[in-house]
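# Summary of structural features
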Amino acid sequence: MASKKSSKVWEYFEKVKDDPKKVKCKLCQQLLSYHTTTTNMAYHLKRLHPQFHDDSSGSTSASAAAPRLTQKKIDLRPPLSEKRKKEITEKIAEFVALDMRPVRIVEGEGFKELLRTLEPGYTVPTRATVMDVVHTKYLSIRSDIYMAIQDCEAVSFTTDIWTSLQMEAYLTVTSHFITGDWRLESFVLETKKIEDSHTADHIARELTEIICEWDIPSSKIVSVVHDNAANMVACTNQLVQQPRWGKMKGVRCAGHTLQLCINSALKQDPICRTVAAARRLVSHFKKSAKATTALQEQQKQQNVPLHKLVQDVVTRWNSVYLMLDRLIEQKGPVSAVLTDESVSKRSDRDLELSTSQWRTAEDIVAVLKPMITLTELFRTTKIIKTTLSDEMDRRWELKGPGLEISVYISAAVLDPRFKKLSFLSDDQRDEAYSVVAELAESLTDRSCQEESDTVDPGPTAPKQDAVMAMLLASDEDEEEQDETSEMKVYLKDFTKCNGGPLEWWKKNEDRYPKLSRVAKRFHSIPSTSMPSERIFSKAGFIANKSRSALFPTNVNKLVFLAHNFRRIRQPQVQ
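In this text the structure is predicted, and so the values were computed from the model without any measurement.

Parameters and conventions
All residue numbers refer to position in the chain's written sequence, counted from 1. Residue-level local features of this predicted model are given only where pLDDT is at least 70; pairs of side-chain atoms are given and counted only at 80 or more, and the full residue set underlies all totals for whole chains, interfaces and linings. For the side-chain quantities, the full set of heavy atoms in the structure was used; hydrogens and water were omitted. Helix numbering and strand numbering both begin at the N terminus, where a helix is a DSSP run of H or I of at least 4 residues and a strand a DSSP run of E of at least 2. For each residue, the accessible area found with a 1.4 Å probe, counting protein chains only, is set against the maximum for its type, and the residue is called buried under 20%, exposed over 50%, and partly exposed in between. Note on contacts: a residue pair is in contact if any heavy atoms of the two residues lie within 4.5 Å. Under the convention used here, a 1.4 Å probe and the Shrake-Rupley method define accessible areas, while residue burial counts only the protein chains that appear. For two strands to be treated as a pair, DSSP must find no fewer than two bridges joining them. Helix axes use the C-alpha atoms of the stretch in contact, all axes being lines fitted to C-alpha atoms, and the angles between their N-to-C directions lie in the range 0 to 180 degrees. One side-chain nitrogen of Lys or Arg within 4 Å of one carboxyl oxygen of Asp or Glu is enough to make a salt bridge. Taken from the helix axis, the directions to the C-beta atoms give the arc we talk about.

In this section: the overall build of the chain. Regarding its fold elements, the chain presents 23 helices and eight strands. Considering the chain as a whole, with its 574 residues, one finds that 43% of them fall into the buried category. The contacts of the chain with a sequence gap of at least 6 include a subset with a gap of at least 24, amounting to 65%. Element-wise, carbon and sulfur atoms account for 53% of the exposed surface of the chain, whose accessible area totals about 31600 Å².

Laid out in structure tokens, this is it:
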């Protein structure tokens, strides 16, 4: 009789002693069912260890078996430990989260083949297993971020709403705070599906639920940065009235606000007519291949850079600058093409800008350039300069009553580079300094109160000594203390601020312990709502056509990990 182990597959399997109906793979230690045939084992070799699989059947002679055994000795790797398998599975979950890949990638034949080549003894997990690992990592990193927020003194938020390809609305909230060593941190807290209409009431409820889930004390909440959408403005106005949000301030995104200011200025005459004329001129060259070719020839003849004209985009103010700046650069070649009768029709010549329009275009470029580079002051015609100035004062609350509610002024006070507030009157400047000084005192008093609530002073608390010191203090002592108040010393401090405000406060925190508390609050506020908007692009990769069936809770976890994983494991140096 032929041996039961005549099949070649027995070179890679052995029977389990305690269970005759089981066999164990010598390559990966996996157990398989055995029912007198080797079909199951052959399929296992073909699927997971193709380099050892042989389609031929029948008995194996000694001479034929020798090469196979030799190959086995050369290619056979030690069996994977459970620890190693776990490490690979975790890295797959990280790969899915960080590179924003569909979880279903683990079911792809190409991905499986890659893992078979890298680790023949590893079995690719199912989608459910990968999502379990993602969930575990989400909880771990969430715990780390939770502790970091609990340890910080103040936290600000940005928020915005985006729509997925499946036309599902999501609200994303990011947090921003300064650590004990003055490093600015930014983390995504949650990406939440919005079921109802995007009203101020509903958004306010969702935001309140999120900060409650994260257990963020009202005393730490500084601001919510948002765009200028009416529902977002109304939402933050509601939150200001709620005790759960403490003394929170609604802050409008600097980017959106600047866009509105410049758009208002560009709508004034003669600016708007000059921009419209430039737009028609550029459009002519964009639509005419003949004119474009002629423009390239003129550029070569006049030794002008071979640049294409730029068409502006209505929703982007900087595109107006780019369009006019490029048009001014190409003024010579453009004019030459328009006056060339072999290229342009008589009606095309009317597209040429007038002398006054070219001058206006140059003025507009001169004004908008420093708005982009942030290195120059305004320099242009009176009408555009006045409109821009008025719009900025109104939208950023830089003038007029109500300085005590302006976070922009307070933040400027706490920036050593701008603390002089030269754009304000003397009375407004003094009021701004008083507001910050009072906040510094209140934060210090609250901190002392919290410490006294948690620390038992014991039976020998020096209350009588404090009373006697107060009674014996002279008027001169009080005047001297007032003269050396932190705010007055700070305003006279001309220490250079080379590395930015956070670096400056890190070096001078011990000199100004009260003001440094306020600095951490206001410098935690992002200038724009871009942190939330940047999540849209990441979320777009995650909630795409290949993941149309993702549950909202999984969208939240994947967006959360994609943004936070490297930040919490490898803090960024600011």
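Back to the text.
Bringing the sheet that holds strand β4 (residues 155-163) into the picture now. Working definition: the strands of a sheet are paired by backbone hydrogen bonds and lie parallel or antiparallel to each other. The strand order β6-β5-β4-β7-β8 describes an open sheet built from five strands, whose pairing is mixed. For this open sheet the edge positions go to β6 (184-193) and β8 (249-252), each flanked by a neighbour on one side alone. On average, each strand axis in the sheet is inclined to that of its neighbour by 25 degrees, with strand direction left out of account. One ladder, built from four bridges, connects strand β7 (residues 221-226) with β8; its direction is parallel. When the sheet's bridge partners are listed, Val-224 is paired in β8 with Gly-250. Of the strands in this sheet, β4, β5 (169-178), β7 and β8 are in contact with helix α7 (residues 230-240), which crosses β7 at around 170 degrees.

Our next topic: the sheet that holds strand β3 (residues 31-33). Here we have three strands laid out as an open sheet, ordered β1-β2-β3, and antiparallel in their pairing. Each of the sheet's edge strands pairs with one partner strand only, and the pair in question is β1 (13-16) and β3. Sheet twist, expressed as the mean angle between neighbouring strand axes with direction ignored, is 40 degrees. Sheet analysis places β1 next to strand β2 (residues 19-25), joined by four bridges and oriented antiparallel. The partner of Lys-15 across the bridge, within β2, is Val-23. The strands touched by helix α1 (residues 39-48) are β1, β2 and β3; relative to β3, the strand with the most contacts, the crossing angle is about 140 degrees.

Applying the stated criterion to the full structure yields 24 salt bridges. Among the salt bridges present, the one from Lys-24 reaches Glu-14, with a minimum N-O distance of 3.9 Å. Of this pair, Lys-24 sits in strand β2 while Glu-14 sits in strand β1, and the two are ten residues apart along the sequence. Lys-24 gets classed as partly exposed once you look at its relative accessible area, which sits at 26%.

Those residues of helix α20 (residues 501-508) lying buried are Pro-501, Leu-502, Trp-504, Trp-505 and Asn-508. Burial along α20 is one-sided: seen end-on, the buried residues are contained in an arc of 160 degrees. Check the buried side of α20 and you find it contacts β5, β6, α19 (486-491) and α21 (513-522).

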